[in-house]
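Each chain is listed here by its residues.
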Amino acid sequence: MAVSWCGSNFGPYSPGMRVHLDVEKCQGHNRCYALAPELFDVDDYGQAVLLGDGSVTPDLEDKARLAASNCPEYAITITDS
Amino acid sequence: MTDTIEPAVAEPLALSDSPENAIAWERVPYNAADYGPVSDFATDFDHADKAYNANAPEVWKELRDSGCPVAHSDRYGGMWTPITHEAVNDVAYDTENFTSRSVVVSHARPGDAAIPAPIGVVPPISSDPPFHNLARRLLLPPFAPKQIEPWEDEIRALCTRLLDEMGDITPGDTIVDAAIQYAQHIPVNVIGRMLGFPEADEALFREFVHNTLETINAPTADRQENFQKLDAYLDAQVQDHIDNPREDLTDYLLNVELGGEKLSQEHVRGSIVLLLIAGIDTTWSAIGSSLWHLAQTPADLERLHDEPEVMTFALEEFLRAYAPVTMARMVAKDVDFHGCPMKKDDWVLLPFPAANRDPRVFEDADQFIIDRESNRHAAFGLGIHRCLGSNLARLELKVAIEEFVKRFPKFELAGDVSWSVGQIRGPRVLPVRILETA
């Protein structure tokens, strides 16, 4: 649902979405890097690396959710603060 | 490693009825008559039954619906098959109770004289922790996403060439075999090039793969003879790389160091066996199954053709619904698993394709949903043995489907399909009638 308020184009979003990566659980399936390269990179061994501090801008929230819900090892979690 | 590779074991192998001093041993004597058709998959499971791969999703559903999370069989000297996602997951993550010492079920089990765990015959797939991690880290870099991405153009050119070689196509009339003329050539060509092996030997590689994976009900002595042929072939290729060094994966394996030393001859050869066997009919099967699906589902074919960007999700759905690879483990020590009294040296199949159809994890699990957005499929395994070549396999599958669909926007099934036998599931004969060309 897109809502505009105060004449801006911003829709409602969770202001504090963060994405977390458990490197111990990651087995290098590479799904997050394929679906959300703005949030994840991979190292020379193909293991996922979180870009930045895990904070997710509103335009990337869908991609963050996709990365989490496609990780076979449940290594990615999302929190809203 | 010395500069000369010793020839492969030439002595015929004496089969033993116990693991002591044996390379391979049989828990019960092989008897071809024991391997009749399966009547009840819950108590007499056999993945090499002729009817299994053609009907596997129905078999899994029946087992799940009857409340059987783990099937059993006396075949192969004792074998368990977890069916649910939970049970498959529990075996995959439990490297204490389940060893990877052998990952292909057959009548023969590796004995004490076979290269023992933790290294295993084909490291790292046959390795257990802690050695597994060392062997795996050697092979991860050449298969990391950024090393594999540059192969895309070559794979695309190969697919285009195979399509060209199908000759003149008359829409509505011409029938091509999508498995024999297309799918089976793609992974074998790519891995052969990566290893630096002669392109002319492709048919030979497929024979090695067939002998390893599809003849598990052959007498053990015959299987051992086939393995010796493979070893001898690889020793010759490795020797050629020692004599004529060039930049490829074989050269990488010959020169990479583990703990300050080059790899042993067995480790180099074993890893090449793994790359050759694991990378070929797995991906070939995934390409074939995906085209089999499209040949029978015009709506999905049309969507893929008209909206190529749906491939992001379609690719993973092909992998989920038609995952080709069932792995195996051996029970490392007696254990009670989900109520099953498993004994040391029992086989355990790991059917990731069955886990991918578990309705407790996947909504409408038996439906193919081309734009399924949430898809934690286990096609490449779960846990520490995640398929090393998954990035390459995914790229080959994507490009192969894209090019086929681009060239033939409409095609349909045109006859009987014949399915593989054993742990790798995919069509081996796949006649399709081309209805439209680009």
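These figures come from a predicted structure and were not determined experimentally.

1. Section: the overall build of chain B
A count of helical and extended segments in chain B gives 15 helices and 16 strands. Compactness check: chain B gives a C-alpha radius of gyration of 21 Å against a globular reference of 22 Å for 438 residues, within 12% of the reference. Seen through its principal axes, chain B has C-alpha atoms that stretch 60 × 60 × 40 Å. Across the 438 residues that make up chain B, the buried fraction comes to 49%.

2. Some details on the overall build of chain A
A count of helical and extended segments in chain A gives two helices and four strands. In sequence order, chain A lays out its α and β elements as β-α-β-β-α-β. For chain A, the residues scored as buried account for 35% of the 81 residues in total. Contacts in chain A between residues at least 24 apart in sequence constitute 62% of all its contacts with a sequence separation of at least 6.

3. A short note on the confidence of the model for chain B
On average, residues of chain B score 91 in pLDDT, and 95% of them reach the 70 mark or higher. Segment residues 1-12 of chain B: pLDDT under 50, and 17 contacts once partners within four positions in sequence are set aside and those in other chains are kept.

4. Some points on unusual backbone geometry
Residue and element names in this part refer to chain B. Backbone torsion omega between proline 123 and proline 124 reads 5°, so that peptide bond is classified as cis. Relative to the elements of secondary structure, proline 124 occurs in the loop between β5 (108-110) and α3 (131-139). With an omega of 0°, the peptide bond running from proline 129 to proline 130 counts as cis. Locating proline 130 in the fold gives a position in the loop between β5 and α3. The phi torsion at tyrosine 76 lies on the positive side, around 55°, for a residue other than glycine. With respect to the secondary-structure elements, tyrosine 76 resides in the loop between β2 (70-73) and β3 (79-82). Residue classification places tyrosine 76 among the buried residues on the basis of 27 C-beta atoms within 10 Å. Notably, aspartate 364 is not glycine yet its phi reads approximately 45°, a positive angle. Mapped onto the elements of the fold, aspartate 364 is located in the loop between α14 (352-355) and α15 (390-407).

5. A closer look at α3(B)
One turn of the α-helix equals 3.6 residues, which is why residues spaced by three or four share an orientation. Of the positions making up α3(B), those classed as buried are B:His132, B:Ala135 and B:Leu139. Each buried residue of α3(B) lies within a common arc of 75° when the element is viewed along its axis, so the set occupies one face.

6. Re the sheet that holds strand β4 (residues 98-99) of chain B
Note: strands within a sheet are paired through backbone hydrogen bonds, in either parallel or antiparallel orientation. Read across the open sheet, the five strands follow the order β2-β3-β12-β9-β4 (chain B); overall the sheet is mixed. Strand pairing shows two members of the sheet lacking a second neighbour, β2 and β4 of chain B, which therefore form its edges.

7. Here we look at the interface of chain B and chain A
Listed as interface residues are 19 residues of chain B and, on the opposing side, 15 residues of chain A. For the side of chain B that touches chain A, the class distribution of residues is nine nonpolar, six polar and four charged.

8. Re the pairing of strand β12 (residues 347-351) of chain B
Looking along a regular strand, one sees side chains alternate from face to face of the sheet. Residues and elements named next belong to chain B. Across the five residues of β12, five count as buried, placing the element largely inside the fold. Taking every second residue as pointing to the same face, both faces of β12 are buried, with Trp347, Leu349 and Pro351 on one and Val348 and Leu350 on the other. Sheet topology places β3 next to β12; two bridges connect them, and they run parallel. By the bridge assignment, methionine 79 is partnered in β12 with tryptophan 347.

9. Observations concerning the packing of helix α5 (residues 152-164) of chain B against helix α7 (residues 185-195) of chain B
Residues and elements named next belong to chain B. Running from N to C, α5 and α7 cross one another at 135°; their axes reach a closest spacing of 10 Å. Here α5 is positioned oblique relative to α7, judged by the angle of their axes. Note that α5 runs across α7; the crossing there is right-handed. Where α5 approaches α7, its residues Ile155, Leu158, Cys159 and Leu162 are matched on the opposing element by His185, Ile186, Asn189 and Val190.

10. A look at the sheet that holds strand β6 (residues 175-177) of chain B
Residues and elements named next belong to chain B. On the basis of which strands lie adjacent, the open sheet formed by three strands has the order β6-β16-β13 and antiparallel pairing. Among the strands making up the open sheet, the edge pair consists of β6 and β13 (410-413). Taken over all neighbouring pairs, the strand axes of this sheet differ in orientation by 40° on average, direction set aside.

11. Concerning the environment of B:Ala218
Counting through the fold element by element, B:Ala218 comes out in the loop between α8 (202-213) and α9 (220-243). Separated by 112 residues in sequence, B:Ala218 and B:Ser106 place their C-alpha atoms 8.6 Å apart.

12. Observations concerning the packing of α7(B) against helix α11 (residues 265-296) of chain B
All names here are of chain B. Orientation of α7 relative to α11, taken along the N-to-C sense of each, is 155°, at an axis distance of 7 Å. Comparing the axis directions of α7 and α11 gives the class roughly antiparallel. In terms of crossing hand, the pair formed by α7 and α11 is right-handed. Every residue of α11 that contacts α7 at Ile186, Pro187, Val188, Ile191 and Leu195 is listed here: Ile272, Leu275, Leu276, Gly279, Ile280, Thr283, Trp284 and Ile287. Looking at the contact of α7 with α11, its residues break down into eleven nonpolar, two polar and no charged.

13. Some remarks on the confidence of the model for chain A
This prediction gives chain A a mean pLDDT of 87; 80% of its residues lie at or above 70. Segment residues 1-11 of chain A is flagged for pLDDT under 50; beyond a separation of four residues in sequence, or across chains, it makes four contacts in the model.

Rules behind the numbers
Residues numbered from 1 in each chain as written. Chains lettered and ligands numbered in written order. Predicted model: local features only at pLDDT ≥ 70, side-chain atom pairs only at ≥ 80, totals over all residues. Helix = DSSP H or I, 4+ residues; strand = E, 2+ residues; numbered from the N terminus. Rg over C-alpha atoms; globule rule 2.2 N^0.38 Å. Buried ≥ 20, exposed ≤ 12 C-beta atoms within 10 Å, placed from the backbone. Contact = placed C-beta atoms within 7 Å. pLDDT = per-residue confidence, 0-100. Arc of directions from axis to C-beta. Pairing = 2+ DSSP bridges. Nonpolar A, V, L, I, M, F, W, Y, C, P; charged D, E, K, R; others polar. Axes fitted to C-alpha atoms, helices over the stretch in contact; angles between N-to-C directions. Parallel < 35°, antiparallel > 145°, perpendicular 65-115°, else oblique. Left-handed = near helix turned anticlockwise from the far one by under 90°.

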